[in-house]
Amino acid sequence: MSNKDVSGSKSLQKLISDYELELFPPPCIPGAATWSARATLKVDISAVLPYLNAQLEDADYDHSAKVLIWKDQGYSFAFRPQEIKAAPALDRDEARDLIDRAVALANEAWRERERIEPCYEKRTLPNLMQIYRLLPRTNCGKCGYATCMGFAAKLREGDTELSCCPELEHPDYRMNRTQLVELLKPSGKSF
């Protein structure tokens, strides 16, 4: 589908123009108060995934499997050839908003693809246990999280920084901190 912008000077291409929305409870959390949303697409969006991968620095992308996973502001998005999933959603309106946001990202990347260098590189988030093992594991709470595992999970998602853990500044943890910086670096996290 091709639309003209207001000036009529440029053809804007929209990759995704319609989808079917389905809500379902998260499979691994029986009785959850939130929902997962799935948009079944009428088009194959595989071609846009490398462009999204280039734009979304924290995405977990596997070109051969044709899947891109992205987490942002507490929400998870999964882009596959003919579907987009998003979670958690409190209701149908929030589910539609999340899917619309993901569709807008894909459409924007598609429109701008001539200006974006596609990235086919497989990027994965660091393993949660690797991060946890390098933390002090004192569960002191000084970072603002009840446990070091909770802090590790937030580090992995990019929702906090190493500097929030004062224990890592002690000389005993200097080597661990250096290893954490290296481990988290590919995901573009701040320290």
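Here we summarise the structure given alongside this text. Residue numbering note: each chain is counted from 1, following its sequence as written. Owing to the predicted nature of the model, reporting of local features is limited to residues with pLDDT of at least 70; listing and counting of side-chain atom pairs is limited to 80 or more, with chain, interface and lining totals taken over all residues. Based on all heavy atoms of the structure, the side-chain values leave hydrogens and waters out of the count.

### Some words on the overall build of the chain
Thought 1: Only runs of H or I of at least four residues qualify as helices and only runs of E of at least two qualify as strands under DSSP, and these elements are numbered from the N terminus. Of the regular secondary structure elements, the chain holds five helices and eight strands.
Thought 2: When the helices and strands of the chain are listed from N to C terminus, the series reads β-β-β-β-α-β-β-β-β-α-α-α-α.
Thought 3: Among the 191 residues that make up the chain, the fraction classed as buried is 38%.
Thought 4: It only takes one pair of heavy atoms within 4.5 Å for two residues to be counted as in contact. Relative to all contacts within the chain whose residues are 6 or more apart in sequence, the contacts with residues 24 or more apart total 54%.
Thought 5: In the structure as shown, the chain presents an accessible area of about 10,900 Å², 50% of it carried by carbon and sulfur atoms. Each residue's exposure class comes from its accessible area (1.4 Å probe, protein chains only) as a fraction of the maximum for that residue type: buried when under 20%, exposed when over 50%, partly exposed otherwise. Each accessible area is a Shrake-Rupley result for a 1.4 Å probe, and residues are judged covered by the shown protein chains and nothing else.

### Details of the nonpolar core
Thought 1: Among the buried residues, those of types Ala, Val, Leu, Ile, Met, Phe, Trp, Tyr and Cys that are joined through side-chain atoms within 4.5 Å form a nonpolar core. Among the nonpolar cores identified, the biggest contains 31 residues, and Leu52, Leu68, Phe79, Ile84 and Ile99 are the most heavily contacted of them.
Thought 2: When residues of this core are traced back to their parent elements, those giving at least two are β3 (19–24), β4 (35–41), α1 (49–55), β6 (67–72), β7 (75–80), β8 (83–89) and α2 (92–111).
Thought 3: No other element matches α2, which puts eight residues into this core.
Thought 4: Setting aside chain neighbours within four positions, we find Leu68 in contact with Leu49, Leu52, Asn53, Leu56, Ala59, Asp60, Tyr61, Phe77, Ala78 and Phe79.
Thought 5: With 15 residues, the next largest nonpolar core counts Leu135, Cys143, Ala152 and Leu184 among its residues.

### Digging into the sheet that holds β4
Thought 1: Here six strands make up an open sheet; going across it, the order is β3-β4-β8-β7-β6-β5 and the pairing antiparallel. The open sheet terminates on both sides in strands that have one partner only, identified here as β3 and β5 (60–62). Direction aside, neighbouring strands of the sheet carry axes that sit 15 degrees apart on average.
Thought 2: Pairing of β4 with β8, which is carried by five bridges, proceeds in the antiparallel orientation. From the neighbouring strand, Ala37 faces β8, where its bridge partner is Ala86.
Thought 3: Only the stretch in contact is used when fitting a helix axis, every axis being a line fitted to C-alpha atoms; angles between N-to-C directions are given from 0 to 180 degrees. Across the sheet, α2 touches β3, β4, β6, β7 and β8, and the angle it forms with β8 is around 135 degrees. At least two bridges found by DSSP between two strands is the condition for calling them paired.

### Some details on the packing of aromatic side chains
Thought 1: A pair of Phe, Tyr and Trp rings is counted when the ring centres sit within 6.5 Å of each other, with Trp represented by its six-membered ring. The angle between the planes then sorts it: under 30 degrees is stacked, over 60 is edge-to-face, the rest tilted. Enumeration over the complete set of coordinates arrives at two aromatic pairs.
Thought 2: A ring pair is formed by Tyr145 and Phe151, whose centres lie 6.0 Å apart and whose planes are at 45 degrees; its orientation type is tilted.
Thought 3: Above the ring of Trp110, the side-chain terminus of Arg113 is found at 3.8 Å from the ring centroid.
Thought 4: Criterion for a charge above a ring: Arg CZ or Lys NZ at most 6 Å from the ring centre, at most 35 degrees from the ring normal. Of note, Arg137 hangs over the ring of Tyr132, and the distance from its end group to the ring centre comes to 5.8 Å.

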